[in-house]
Amino acid sequence: MIKQFEIHGGVKKQLQEFLDGRNTDLKTAMDSEPLNREVAAIVHNGLPAMVRKIYSLEKMQKFFWEKKDLMVDYVAARLAAADKKPKGSKNTRQKKR
């Protein structure tokens, strides 16, 4: 499941604001259970509605905490991928005219 989600710009911005507001980085936040739960909630909120219905917030928070070492690397990689994606380019397969 985890390999199938992307972090879009809105979630990235919200997550960065959360980290900046707590004066922390992603690794430190993921090592603290209360902050880890909040990071999971931010990411969960950015998932498609169908995925949120199937994969509850509680499940995601538990997963983020139990797999925090894996998740810190994965979320960081997804955030970096969101930086590289061109803005407003959902369908990149269309030819330019």
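Residues numbered from 1 in each chain as written. Predicted model: local features only at pLDDT ≥ 70, side-chain atom pairs only at ≥ 80, totals over all residues. Heavy atoms only, no water.

Engineer: Give me the lowdown on the packing of aromatic side chains, citing residues and values where you can.
Structural biologist: Counting across every chain of the model gives zero aromatic pairs. Of note, lysine 68 hangs over the ring of tryptophan 65, and the distance from its end group to the ring centre comes to 4.1 Å. (Phe/Tyr/Trp six-rings, centres within 6.5 Å; stacked < 30°, edge-to-face > 60°. Lys NZ or Arg CZ within 6 Å of the ring centre and 35° of its normal.)

Engineer: Provide a residue-level description of the side chain of threonine 24, including the pertinent values.
Structural biologist: In this fold, threonine 24 is placed in the loop between α1 (9-21) and α2 (26-31). Once residues lying within four places of it in the same chain are set aside, the contact partners of threonine 24 are Leu19 and Ala29. (Helix = DSSP H or I, 4+ residues; strand = E, 2+ residues; numbered from the N terminus. Contact = heavy atoms within 4.5 Å.)

Engineer: So what about the nonpolar core? Which residues, and what values?
Structural biologist: Core analysis: the largest hydrophobic core is formed by 21 residues, its most contacted members being Leu15, Leu26, Val39, Phe64 and Val75. With sequence-adjacent residues up to four places away left out, valine 75 is seen in contact with Ile7, Leu15, Leu26 and Phe64. (Core = buried A, V, L, I, M, F, W, Y, C linked by side-chain atoms within 4.5 Å. Buried < 20%, exposed > 50% of the residue type's maximum accessible area, 1.4 Å probe, protein only.)

Engineer: Mind laying out helix α3 (residues 33-45), listing which residues take part and the relevant values?
Structural biologist: Between its first and last C-alpha, α3 extends 18 Å over 13 residues, near the 18 Å set by a 1.5 Å rise per residue. Buried within α3 we find Leu35, Asn36, Val39, Ala40, Ile42, Val43 and His44. (Expected span 1.5 Å × (residues − 1).)

Engineer: Now, about the confidence of the model for the protein chain: what can you tell me, with residues and values included?
Structural biologist: Of the residues in the protein chain, 78% reach a pLDDT of 70 or more, and the chain-wide mean stands at 83. No element of the protein chain has a lower mean pLDDT than helix α6 (residues 68-84), at 82, and none a higher one than α3, at 95. (pLDDT = per-residue confidence, 0-100.)

Engineer: Would you mind going over the packing of α3 against helix α5 (residues 57-66) in detail, with residue names and values included?
Structural biologist: It is the contact of α3 with α5, at a shortest axis distance of 9 Å, that shows an interaxial angle of 130°. The angle between α3 and α5 places the two elements in the oblique class. Seen along the crossing, α3 lies across α5 with a hand that is right-handed. Within the contact between the two elements, α3 uses Glu33, Asn36, Arg37, Val39, Ala40, Ala41, Val43 and His44 and α5 uses Leu57, Met60, Gln61, Phe64 and Trp65. Counted by class, the contact of α3 with α5 contains eight nonpolar, three polar and two charged residues. (Axes fitted to C-alpha atoms, helices over the stretch in contact; angles between N-to-C directions. Parallel < 35°, antiparallel > 145°, perpendicular 65-115°, else oblique. Left-handed = near helix turned anticlockwise from the far one by under 90°. Nonpolar A, V, L, I, M, F, W, Y, C, P; charged D, E, K, R; others polar.)

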